[in-house]
Amino acid sequence: AQSVTQLDSQVPVFEEAPVELRCNYSSSVSVYLFWYVQYPNQGLQLLLKYLSGSTLVESINGFEAEFNKSQTSFHLRKPSVHISDTAEYFCAVSGFGGYNKLIFGAGTRLAVHP
Amino acid sequence: EPEVTQTPSHQVTQMGQEVILRCVPISNHLYFYWYRQILGQKVEFLVSFYNNEISEKSEIFDDQFSVERPDGSNFTLKIRSTKLEDSAMYFCASSESLAGVLYFGPGTRLTVT
């Protein structure tokens with residue numbers, strides 16, 4: 001079975017500051033890792049994913065995440081945030097060989113202030 | 001860009017009534033899912049569906065729930081007798097393959113009164 005821990009329920013940050021949203025997972029099998037974003041009153045949108053290959057993955061809007069197998073982590077980072085990044089961010093994991101069932105973390109609410 | 005669509009966006013129903021939530025997955029996808037998010041809580045897996053049958057379901061997905069692919073495009077979630085605790089946002093998702101990325105719809109907010 002897999003589980004996901006997002007260590008911070010809320011992260012307040014000022015605009016143009018760097019941010020890191022932490023995600024740790026546990027699994028007895030190899031995993032795929034995802035970050036989804038949920039803007040206010042909207043559904044879940046895929047932000048980025050790690051399936052294989054390079055452990056550093058990037059999104060089109062400047063976020064990046066690094067898969068660290070030894071630390072079982074997949075932290076999300078952005079060097080300079082914008083007001084528009086204010087949203088709930090969910091880390092999720094799925095295991096190899098299953099029917100792609102995603103296990104979500106509890107979410108981290110990123111609040112960017114001017 | 002193809003996307004998953006869901007209807008209605010908001011459904012209000014009385015306790016004990018049946019509801020059907022509808023989803024149109026991305027057309028070439030083969031795997032379909034329902035998740036739910038109770039207000040303020042994490043997104044929870046309900047059920048996955050492949051080849052016209054349930055492939056996996058969670059403890060939440062009891063006999064009150066059923067899923068169906070009635071035609072080549074729709075994927076539905078039925079709750080036979082709704083309870084107050086069924087109030088949540090229900091998300092449909094689809095993926096092209098077992099290792100494929102899940103694409104989520106915008107959700108249906110179900111309110112049971």
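Structure: see above.
Residues numbered from 1 in each chain as written. Chains lettered and ligands numbered in written order. Predicted model: local features only at pLDDT ≥ 70, side-chain atom pairs only at ≥ 80, totals over all residues. Heavy atoms only, no water.

Student: Looking at this structure, how should I read the overall build of chain B?
Tutor: Scanning chain B for helices and strands turns up zero helices and eleven strands. Listing each helix as α and each strand as β along chain B from the N terminus yields β-β-β-β-β-β-β-β-β-β-β. Taking 113 residues into account, the globule formula puts the C-alpha radius of gyration at 13 Å, and chain B, at 13 Å, falls close to it. With the C-alpha coordinates of chain B rotated into their principal frame, the extents come out at 35 × 30 × 25 Å. Counting across all 113 residues of chain B, residues that qualify as buried make up 45%. Across chain B, the fraction of contacts at a sequence separation of at least 24, relative to all contacts at a separation of at least 6, is 54%. (Helix = DSSP H or I, 4+ residues; strand = E, 2+ residues; numbered from the N terminus. Rg over C-alpha atoms; globule rule 2.2 N^0.38 Å. Buried < 20%, exposed > 50% of the residue type's maximum accessible area, 1.4 Å probe, protein only. Contact = heavy atoms within 4.5 Å.)

Student: Mind showing me how you'd approach the pattern of salt bridges here?
Tutor: Where side chains of opposite charge bring their charged atoms close, a pairing between them can arise. Scanning all chains against the criterion turns up six salt bridges over all chains. Linking A:R22 and A:D8 is a salt bridge whose minimum nitrogen-to-oxygen distance equals 2.9 Å. With A:R22 in the loop between strand 3 (19-21) and strand 4 (24-26) and A:D8 in the loop between strand 1 (3-5) and strand 2 (10-14), the pair connects residues that are 14 residues apart, well separated along the chain. The salt bridge partner of A:K101 is B:E56, with a shortest N-O separation of 2.9 Å. Residue A:K101 is found in the loop between strand 10 (87-95) and strand 11 (103-104), and its partner B:E56 is found in strand 6 (residues 53-57); the two belong to separate chains. (Salt bridge = Lys/Arg side-chain N within 4 Å of Asp/Glu carboxyl O.)

Keep in mind that these numbers describe shape and distance, not what the molecule does.
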